[in-house]
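Commentary on secondary and tertiary structure
Listed below, chain by chain, are the residues.
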Amino acid sequence: MNLTYKEQVDRKNIEKIRELQKELPAFTAEFFRAMEIRKSTNTRKNYAYDLGTFFYFLKQSNPFFAKKDLKTLPLSDLDKILPSDIEEYLSFLQYYERDGVIYRNQEEGKARKLAALNTFYSYYYKKELIHTNPPALVDVPRIKEKNIIRLEPNEVAELLDEVDSGENLTKKQQESHERTRIRDLAIITLLLGTGIRVSECVGLDLSDIDFDNGAMRVIRKGGNEDLVYFGEEVEDALMQYMEYRSTLSPAPGHENALFISLKNTRLTTRSVERLVKKYASLVTTVKKITPHKLRSTFGTTLYQETGDIYLVADTLGHKNVDTTRKHYAAMNENRKRMAAKTVRLREK
C-alpha cells in the first residue's frame, strides 16, 4: 500500500521526534504524547529541536544543571529556572556552537523558541505538576516589520519567459533544462498563479488535480485539506506537464506524485527552492526570490485587484486574517493615501 505524501512526511517526522526525545529528560515524553492530538508532527518535531537546544543551553551555561544527567532529570527541577535564566537563554540563541556547527537566531527565531518553551512549561504548570512558569514572565523579542518582497508584473513575465526559453542559463544548466522545462514552467506558473506554499506544491498527487472544475486539493500547513482554484494560465501549464508526466516511470512509492525529479522520485521542497533561485537570478539580482516570495507576489496582486483582505486570507490558507493583515498592512496604508488624494472638496 502506497502512503500519501502527508503520511510519508508524518512517518519521517515521528521517527525524528523519537530520535530527538532520546536526548531529552524522560518526563518530556508525557508532554509529547499530549501534543499528539493538538499539534502536527512537524510542529512537534520543531518542539523537540527547540527543547533540545534549551536543555543543551542549561548543561553548558547553568552550574546547577552542568553535572546532571538530562535523561534522569526530575520534573521538579524545572522550578529551578528563573525568568533571568530564560532571558540568558534568548541571549545565548543569538550565536552558539554545537557539535562543530555554528547557529544564529534573529529575533524571529528567538520568539519562536520562546513560544515553544512557553507551551512546554504551560502544559506542566496547568496540571499543577510544577509551581512556576518563567517563560510567561519574559518579554517576547520584538520582531522588526519586513517589507514585502515580490516581483513586479514585468518581472513575472520575464521570469516565465526565462523558464520557458532557458537561453540565459549556463551550458550545463541548459542540458538538464531540456528535460525539466515543462515541469519547471508548470511549477513556477502554479506558485505564481495560486499562491500555494512550496510544501503544498511538492505534496500534490496526480489525483489532486481536477481540470473539470479548475481546482486542486492541497494539504495545508497543519494537515487540513483545502480546495484551491486555478485560472487558464495555470491550467495550460499543468495540462502540458500532465502530458509529459504520463511518459515518466516514477520510482516505487512515488507513482502518485505529481512533480517528479530527474531521479524519478517526488520533487522535494529544497529542489523547488533551488530551481526558483536559479531562474529568478536571471531576472533580478537585487531581490532574493524564493518560493515564498512568489506566494507574496500572488497575495499582493490579489489584494491590489480586490482590496478584500478576507479573500486573500482564505485563498492563501491563513487560519487567522490578522496574519494576512499584518503582511499587507503597508499596502492598505497606500490605498488609504490614494483615497485621500482622490476626494476633491473644491474644484481648483
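Residues numbered from 1 in each chain as written. Predicted model: local features only at pLDDT ≥ 70, side-chain atom pairs only at ≥ 80, totals over all residues. Heavy atoms only, no water.

What to know about the overall build of the protein
When its secondary structure is counted, the protein shows 15 helices and five strands. By principal-axis analysis of the C-alpha atoms, the protein measures approximately 70 × 60 × 40 Å. Pairs at least 24 residues apart make up 61% of the contacts formed inside the protein by residues separated by at least 6 positions. About 20800 Å² of surface is accessible on the protein, with carbon and sulfur atoms providing 49% of the total. Each charge class in the protein can be summarised by its mean position, and for the 57 positive and 51 negative side chains these summaries are 5 Å apart. (Helix = DSSP H or I, 4+ residues; strand = E, 2+ residues; numbered from the N terminus. Contact = heavy atoms within 4.5 Å. Areas by Shrake-Rupley, 256 points an atom, 1.4 Å probe, with all protein chains shown as cover. Lys, Arg positive; Asp, Glu negative; His and termini not counted. Charge placed at Lys NZ, Arg CZ, Asp CG, Glu CD.)

Remarks on the confidence of the model for the protein
Per-residue confidence for the protein averages 90 on the pLDDT scale, and 93% of its residues sit at or above 70. Element-level mean pLDDT values for the protein span from 57 in helix α15 (residues 329-342) up to 97 in helix α5 (residues 83-93). (pLDDT = per-residue confidence, 0-100.)

Let's talk about the nonpolar core
Of all hydrophobic cores here, the largest spans 40 residues; its most connected members are Leu159, Ile188, Leu190, Ile196, Met216, Phe259 and Leu294. Here the element with the most residues in this core is helix α8 (residues 171-194); it accounts for seven residues. Leaving out residues up to four positions away in the same chain, Ile188 has contacts with Leu159, Leu160, Val163, Leu275, Val276, Tyr279 and Leu294. By size, the runner-up hydrophobic cluster in this structure holds 36 residues, among which are Met35, Phe65, Leu114 and Ile130. (Core = buried A, V, L, I, M, F, W, Y, C linked by side-chain atoms within 4.5 Å. Buried < 20%, exposed > 50% of the residue type's maximum accessible area, 1.4 Å probe, protein only.)

Points about the packing of helix α7 (residues 153-165) against α8
Packing of α7 against α8 leaves a shortest axis separation of 8 Å and a crossing angle of 155 degrees. One way to sum up the angle between α7 and α8 is to call them roughly antiparallel. In this structure, α7 uses Val156, Leu159, Leu160, Glu162, Val163, Asp164 and Ser165 to contact α8, whose residues at the interface are His177, Arg181, Asp184, Leu185, Ile188, Thr189 and Leu192. A per-class count over the contact of α7 with α8 returns seven nonpolar, three polar and four charged. (Axes fitted to C-alpha atoms, helices over the stretch in contact; angles between N-to-C directions. Parallel < 35°, antiparallel > 145°, perpendicular 65-115°, else oblique. Nonpolar A, V, L, I, M, F, W, Y, C, P; charged D, E, K, R; others polar.)

Describing the packing of aromatic side chains
Summed over all chains, the structure comprises 21 aromatic pairs. Note on Phe31 and Tyr47: the rings are 5.8 Å apart at their centroids and 45 degrees apart in plane angle, and the pair reads as tilted. Remark: Tyr47 occurs in helix α3 (residues 41-61) and Phe31 occurs in helix α2 (residues 28-35); sequence separation between them is 16 residues. (Phe/Tyr/Trp six-rings, centres within 6.5 Å; stacked < 30°, edge-to-face > 60°.)

Observations regarding the packing of α8 against helix α12 (residues 291-306)
Where α8 contacts α12, the two axes come as close as 6 Å, and the packing angle between them is 40 degrees. Comparing their axes, α12 and α8 come out oblique. On α12, the residues touching Ile188, Leu191, Leu192, Gly193 and Thr194 of α8 are Pro291, Leu294, Thr297 and Phe298.

With respect to the pairing of strand β2 (residues 101-104)
One ladder, built from four bridges, connects strand β1 (residues 95-98) with β2; its direction is antiparallel. Residue Tyr95 lies in a different strand from β2, and its bridge partner there is Arg104. The hairpin formed by β1 and β2 contains two residues between the paired strands, and Asp99 there has a positive phi angle of roughly 55 degrees. (Pairing = 2+ DSSP bridges.)

Observations concerning the pairing of strand β5 (residues 225-229)
It is a general feature of regular strands that their side chains alternate between the two faces of the sheet. With five bridges joining them, strand β4 (residues 215-219) and β5 adopt antiparallel strand pairing. Following the sheet pairing, Ile219 is matched in β5 by Glu225. The loop that links β4 with its antiparallel partner β5 comprises five residues; one of these, Gly222, has a positive phi angle of about 100 degrees.

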